[in-house]
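The lines below spell out each chain.
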Amino acid sequence: MGRFTERIHSMSVHFQKNVKPTERLASQRKEIDDTLAAFALSPTQLQEVKAKMHMELERGLKKDSHPTASVKMLPTYVYRTPDGTERGKYLALDLGGTNFRVLVVKIRTGMRNSVRMYNKIYAIPLEIMQGTGEELFDHIVQCISDFLDYMGMKNTRLPLGFTFSFPCNQTGIDKGDLVCWTKGFKATECEGYDVVDMLREAIKRRNEFDLDIVAIVNDTVGTMMTCAYEDPKCQIGLIAGTGSNVCYMEEMKNIEFVEGDEGQMCVNTEWGGFGENDNIEDIRTRYDREVDGGSLNPGKQRFEKMTSGMYLGEIVRQILIDLTKHGLLFRGRITERLKTKGIFETKFLSQIESDRLALLQVRSILQSLGLDSTCDDSIIVKEVCGAVSHRAAQICGAGMAAVVDKIRENRGLDNLEITVGVDGTLYKLHPHFSTILKDTVRELAPNCKVDFILSEDGSGKGAALITAVAQQHHIEKQEPH
Ligand code: ADP
Ligand code: MG
């Protein structure tokens, strides 16, 4: 026993004399901790994010500040959630996520599980996403044509709901000018133009079939409607997928730039734009700025770039590059792979942060990316992923706390019970994101009891439900009773 301790003692003396490993590791450790500390937000900072989001929601609703607001607060002309009387057969498009899809949705009765869907996924090649608007819409119509053939439905003129997950300045349920492209899209000659017109014109150009385009739908709204179909308390829709966005039911009287003071309307917040007026620069890091600078829309969608699936992996990659530059990772070797934009997808965060995943597996994930890591490297990479996803979930939660508290105040309530319908792979598959998000909402909005329910295909089902509700509304307006 005595001899054994003696040996350890002499070993450590030996180490210290030569390379001083413990000291060097401590200083390295400090550098890593300092880097990641920028992602750890204090309760006060989170309160500030909530307060700022609240202010921007208000600014977006006011007539004077609406046109320039960072959180755009777009009206959707959806006046109510479904009441269960919706039925019919609808065509739906889903554009703006990972996949472009065409769907047929059949709503049979107002009862649970009475929605049937048939859909087909189509690729949108990069050159079309970033080509001309005409090419993009021609491609969409070609996919619709293929789908109608496939379903044997070329001659049925179905009402269509178009889920178009980009900010649109709507002036009606079927009228909306694209404000700006976000995420991976950048087709020319679309911004400022009516999306429904562009689709109608492409259908005319093809001159092969006719469609009755009834509604243009944001994916958040589709998600809220889908969940509201089953839970009437659902009055908020959240997306944590490729992008990040929220919609909710606002009082008409608060939406200053829309005519009318009665009842409610769903507002698409476009909260991804939060921060565009430089008001969250204090929590943005140099890595966020790096990701923003290398994106298709620098300066835009700053909140989205800190919270959504399209960007989290990129933030991680930027940190890894920086740590490697400083000799703190991968033996200081920056490989070509590590320099490649997009190699580090957000799904790797989910895998690496999984509690069940052994470090050896983290290492093999990194190896599959061409990154040769030691056990120590694997630990650090896992910490980096955790710091980035944790902050994303927390600020998303702070934003949500602002939304639920605003709804509570709108209604003059001390306490509010409300449900959020959620869609998005980041929320659904990341091992901790949803838990951290919910915990943050609970801490920052203690007077609200907020339930989160997963939507199943809000973009498809929701588009049909909105189309159904819009048609009913149309009929009610034509035949007042
Ligand atoms: P969309 O929002 O585009 O309709 P999704 O909700 O499927 O579609 O989100 C896609 C995004 O989710 C992509 O950015 C992708 O990187 C990310 N993602 C995919 N798989 C995972 C995962 N397992 N964990 C976290 N994020 C993921
Ligand atoms: Mg989607």
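As annotated in an unreviewed UniProt entry, the protein chain carries the name Phosphotransferase and comes from Sinocyclocheilus rhinocerous. The UniProt entry for the protein chain carries the following comment under Sequence similarities (unreviewed entry): "Belongs to the hexokinase family."

**Student:** Is there a simple way to think about the overall build of the protein chain in this case?
**Tutor:** Regarding its fold elements, the protein chain presents 17 helices and 13 strands. Its C-alpha radius of gyration of 25 Å places the protein chain within 12% of the 23 Å reference for a compact globule of 481 residues. Overall size of the protein chain, expressed as C-alpha extent along the three principal axes, is 95 × 50 × 40 Å. Taken across its 481 residues, the protein chain has 55% of its residues classed as buried. Contacts spanning at least 24 positions in sequence make up 70% of the contacts within the protein chain whose residues lie at least 6 apart. As displayed, the protein chain offers around 21600 Å² of accessible surface, 51% of which is attributable to carbon and sulfur atoms. Here the protein chain contributes 60 positively and 68 negatively charged side chains, and the mean placements of these two sets differ by 6 Å.

**Student:** Just checking my understanding: could you explain the UniProt feature "domain: Hexokinase C-terminal" (unreviewed entry) in the protein chain for this structure?
**Tutor:** UniProt feature "domain: Hexokinase C-terminal" (unreviewed entry): in the numbering of this structure it lies at residues 235–469. Secondary structure across residues 235–469 divides into 48% helix and 14% strand, with the first and last C-alpha atoms of the span separated by 15 Å.

**Student:** When you look at the packing of helix α10 (residues 312–325) against helix α14 (residues 375–410) in this model, what are you seeing that I'm missing?
**Tutor:** In a pair of packed helices, the angle between the axes and the distance between the axes together describe the arrangement. Taken N-terminus to C-terminus, the directions of α10 and α14 make an angle of 140°; their axes are 10 Å apart at the nearest point. Judged on the interaxial angle alone, α14 and α10 are oblique. Two packed elements cross with a definite hand, and for α10 against α14 that hand is right-handed. Residues L312, I315, V316, I319, L320 and L323 of α10 pack against I380, V381, V384, C385, V388, S389, R391 and A392 of α14.

**Student:** Can you help me understand the nonpolar core in this one?
**Tutor:** Considering soluble globular proteins, one finds that nonpolar side chains tend to be buried as a cluster. Counting 113 residues, the largest nonpolar core has I236, W271, F344, M400 and F452 as its most contacted members. It is α14 that provides the largest number of residues to this core, a total of 17 residues. Counting 40 residues, the second largest nonpolar core, distinct from the first, contains L95, L136, C143 and F209.

**Student:** Can you help me understand the sheet that holds strand β2 (residues 88–95) in this one?
**Tutor:** Note: strands within a sheet are paired through backbone hydrogen bonds, in either parallel or antiparallel orientation. In spatial order, the strands read β4-β3-β2-β5-β8; together these five strands make up an open sheet with mixed pairing. With one partner strand each, in any of the chains shown, β4 (115–122) and β8 (212–217) form the two edges of the open sheet. Going across the sheet, the axis of each strand differs from the next one's by a mean of 20°, ignoring polarity. Of the pairings in the sheet, the one linking β2 to strand β5 (residues 159–164) comprises five bridges and is parallel in character. From the neighbouring strand, L91 faces β5, where its bridge partner is L160. Relative to β4, helix α5 (residues 133–151) is tilted by about 130°, and along the sheet it contacts β2, β3 (100–107), β4 and β5.

**Student:** It is not clear to me how the sheet that holds strand β11 (residues 264–268) should be interpreted in this structure. Could you clarify?
**Tutor:** In spatial order, the strands read β1-β11-β10-β9-β12-β13; together these six strands make up an open sheet with mixed pairing. Unpaired on one side and paired on the other, β1 (74–75) and β13 (448–454) mark the two borders of the sheet. As defined by bridge partners, β1 adjoins β11 across two bridges and the pair is classed as antiparallel. If you follow L74 over to β11, its bridge partner there is N268. Contacts between helix α7 (residues 219–230) and the sheet are confined to β9 (234–240), β10 (244–251), β11, β12 (416–423) and β13, with β9 contributing the most and set at about 130° to the helix.

**Student:** I'm lost on the site of ligand 1 in this one. Help?
**Tutor:** For ligand 1, the set of nearby residues contains 13 residues, the closest of which are G97, T98, T242, S350 and T425. Backbone polar atom of T98 to an oxygen atom of ligand 1: 2.8 Å apart, as the coordinates give it. One of the side-chain nitrogen or oxygen atoms of S350 is found 2.4 Å away from a nitrogen atom of ligand 1. Broken down by secondary-structure element, the contributors of at least two residues to the shell around ligand 1 are α12 (346–353) and α15 (425–429).

**Student:** Sorry, what's going on with the packing of helix α13 (residues 359–368) against α14 here?
**Tutor:** α14 packs onto α13 with a crossing angle of 85° between their chain directions and a minimal axis gap of 9 Å. When the interaxial angle is binned, α13 and α14 end up roughly perpendicular. Of α14, the residues touching α13 (which contributes L359, V362, R363 and L366) are C375, S378, I379 and V381. Considering only residue class, the contact of α13 with α14 consists of six nonpolar, one polar and one charged.

**Student:** Looking at this model, I keep getting lost on the packing of aromatic side chains. Mind explaining?
**Tutor:** Using the criterion set out here, one finds 14 aromatic pairs in the structure. Judged by centre distance (6.5 Å) and plane angle (80°), the ring pair of Y77 and Y79 falls under edge-to-face. Classification of Y77 by relative accessible area gives buried; the value is 18%. Ring centres 5.3 Å apart and planes at 80° place the aromatic pair F274 and F303 in the edge-to-face group. One end of the pair, F274, is in the loop between β11 and α8 (286–293); the other, F303, is in the loop between α8 and α9 (304–307), with 29 residues separating them in the sequence. Side by side, F274 and F303 carry an identical accessibility label, which is buried. By way of ring pairs, the aromatic residues F162, F164, F166, W181 and F185 are connected into one cluster.

**Student:** Looking at this model, I keep getting lost on the side chain of K72. Mind explaining?
**Tutor:** Inspection of the secondary structure puts K72 in the loop between α3 (43–61) and β1. Buried K72, no salt bridge; nearest opposite-charge side chain is E276, N-O distance 4.6 Å. Excluding residues that lie within four positions of it along the chain, K72 makes contacts with G60, H66, P167, V179, C180, T269, E270 and Q301.

**Student:** Would you take a moment to explain the pattern of salt bridges for this structure?
**Tutor:** For side chains of opposite charge, pairing can occur when their charged atoms come near one another. With the rule as written, the count across this model stands at 40 salt bridges. Residue R29 pairs with E383 through a salt bridge whose shortest N-O separation is 2.8 Å. On the criterion of sequence distance, the pair formed by R29 in helix α2 (residues 21–37) and E383 in helix α14 is long-range, its members being 354 residues apart. E417 is the partner of K233 in a salt bridge, and the nearest nitrogen-oxygen pair spans 3.7 Å.

**Student:** Just to check I follow, could you spell out a negative patch on the surface for this structure?
**Tutor:** Residues E127, E134, E135, D177, E189, D197 and E201 make up a contiguous surface patch of negative charge. Residue assignment for the negative patch shows that the elements contributing at least two residues are α5 and α6 (195–206). Relative to the helices and strands, D177 resides in strand β7 (residues 175–178). Exposure remark for D177: the relative accessible area of 32% places this residue in the partly exposed category.

Rules used throughout
- Residues numbered from 1 in each chain as written.
- Chains lettered and ligands numbered in written order.
- Predicted model: local features only at pLDDT ≥ 70, side-chain atom pairs only at ≥ 80, totals over all residues.
- Heavy atoms only, no water.
- UniProt positions renumbered as here; feature names shortened; annotations may be inferred.
- Helix = DSSP H or I, 4+ residues; strand = E, 2+ residues; numbered from the N terminus.
- Rg over C-alpha atoms; globule rule 2.2 N^0.38 Å.
- Buried < 20%, exposed > 50% of the residue type's maximum accessible area, 1.4 Å probe, protein only.
- Contact = heavy atoms within 4.5 Å.
- Areas by Shrake-Rupley, 256 points an atom, 1.4 Å probe, with all protein chains shown as cover.
- Lys, Arg positive; Asp, Glu negative; His and termini not counted.
- Charge placed at Lys NZ, Arg CZ, Asp CG, Glu CD.
- Axes fitted to C-alpha atoms, helices over the stretch in contact; angles between N-to-C directions.
- Parallel < 35°, antiparallel > 145°, perpendicular 65-115°, else oblique.
- Left-handed = near helix turned anticlockwise from the far one by under 90°.
- Core = buried A, V, L, I, M, F, W, Y, C linked by side-chain atoms within 4.5 Å.
- Pairing = 2+ DSSP bridges.
- Near = heavy atom within 4 Å.
- Polar contact = N/O pair within 3.5 Å; in protein donor to acceptor, adjacent residues only side chain to side chain.
- Nonpolar A, V, L, I, M, F, W, Y, C, P; charged D, E, K, R; others polar.
- Phe/Tyr/Trp six-rings, centres within 6.5 Å; stacked < 30°, edge-to-face > 60°.
- Salt bridge = Lys/Arg side-chain N within 4 Å of Asp/Glu carboxyl O.
- Patch = residues over 30% accessible without salt bridge, like charges linked within 9 Å, V, L, I, M, F, W, Y side chains within 5 Å.

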